[in-house]
Every structure is written in C-alpha cells, then in structure tokens.
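Structure assessment
Here's the letter readout for the chains.
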Amino acid sequence: APWSALTAVVGVALGVASVVAVHLISTQVERSLEDATPPHLAGLTHLLQRPELSAGHYFDLRDAWRAETATPLSALVPLVEGHVLLNGRRVQVVGADWLALPGGSDPAALQVPTDVLLGRALLADAALGLGEDDTVTIAGTRYRIAGVLETGLGAALVADVAAAHAL
C-alpha cells in the first residue's frame, strides 16, 4: 500500500532528524560550557573548591600526593580568587602558585616575569587599560604592572598566589 511506504519513509526521516538534532544540541551545550570555563582554569582537569581550607591543608594534601607513587596527577596548583577595588572599580584578582605548575622549577620556562613570581608585580588584563610598567596602589601597597595580557576575564589582575592572598 502506498501509505505504508510513505509512513516508513517519514518515520525514518523523523528518526534521522531527531538524532541529528540531539547531536547539534549536545555540541552547542558542550561549546557553551567550554566558553564558561575561565581561561586560567582551562588546562586543569579537576577543581577542588573548599573556601575554608588553609595553606596548611594544601601543603598536607601536596605532601600526601607526593608520597603516593601510583597517582595519575601531574600537578597540584593552588589558586586564589577574589576581588579588590582599584580606582573605585571592582577588579577580579587571580593568583596561582606558578612554581607548582609542571615545569615550575624552571621560572624561565613559565614565561612569567620574575617580579610576578616574587609577588612584587602583577599582570593586568588589557580591559583595565593599564600599560606595562604602570604602577597601582591597592590597600596601601604599591605594585608594578609587569605585563598586559588578554585573560578573557575582563577587569582582572593576575598575581602570585601569596600576593593574591594578601590582596
């Protein structure tokens, strides 16, 4: 019967269309999740977030990780995030322990200025409109801008973990 053949063709077409639609939707969801990941966390596979933990807790965790011989982890990188007021503008501060990154034992390989590694300087997002070698005063402490980069975070400062913690 002609109707049964037509029904079969329509059924197959609807099945293919639904599979394609689900694939396109999942691709779009994956892309939006990737876009929502802050750039400074893009290379990390897992994020442990516990605001009540102290530096002592981190070092205990790091010591346990180093003592474990069969761990698949390549690095533990403590991050500090927060906000400060800079000239009346709310600015995000992100701090990382650069030396904890893979290759961190060689500061030249990190391509991070030494002043930033030592906590005496900051990196600024281009959105702040600051230039290299500009200075900013935050909470009474003066910092030099050692470099300008595109973080994708908007108004943001990137620092060593100790400087970010102090800020």
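As a reminder, the structure under discussion sits directly above these lines.
Residues numbered from 1 in each chain as written. Predicted model: local features only at pLDDT ≥ 70, side-chain atom pairs only at ≥ 80, totals over all residues. Heavy atoms only, no water.

**Some thoughts on the sheet that holds strand β1 (residues 79-86)**
As summarised here, the arrangement of the 6 strands in space is β1-β2-β6-β3-β5-β4, forming an open sheet in which the pairing is mixed. With one partner strand each, in any of the chains shown, β1 and β4 (135-138) form the two edges of the open sheet. In this sheet, neighbouring strand axes are inclined to one another by 35° on average, regardless of whether the strands run parallel or antiparallel. For strand β3 (residues 121-125) and strand β5 (residues 141-149), the ladder comprises 5 bridges, and the chain directions are parallel. Its bridge partner being in β5, Ala 121 is matched across the sheet by Arg 144. (Pairing = 2+ DSSP bridges. Helix = DSSP H or I, 4+ residues; strand = E, 2+ residues; numbered from the N terminus. Axes fitted to C-alpha atoms, helices over the stretch in contact; angles between N-to-C directions.)

**Some thoughts on the pattern of salt bridges**
Under the counting rule described, the total for this entry stands at 1 salt bridge. Arg 144 is paired through a salt bridge with Asp 133; the nearest N and O atoms lie 2.8 Å apart. You can see Arg 144 sitting in strand β5 and its partner Asp 133 sitting in the loop between β3 and β4, a full 11 residues away along the chain. Among the residues examined, Arg 144 registers a relative accessible area of 26% and is labelled partly exposed. (Salt bridge = Lys/Arg side-chain N within 4 Å of Asp/Glu carboxyl O. Buried < 20%, exposed > 50% of the residue type's maximum accessible area, 1.4 Å probe, protein only.)

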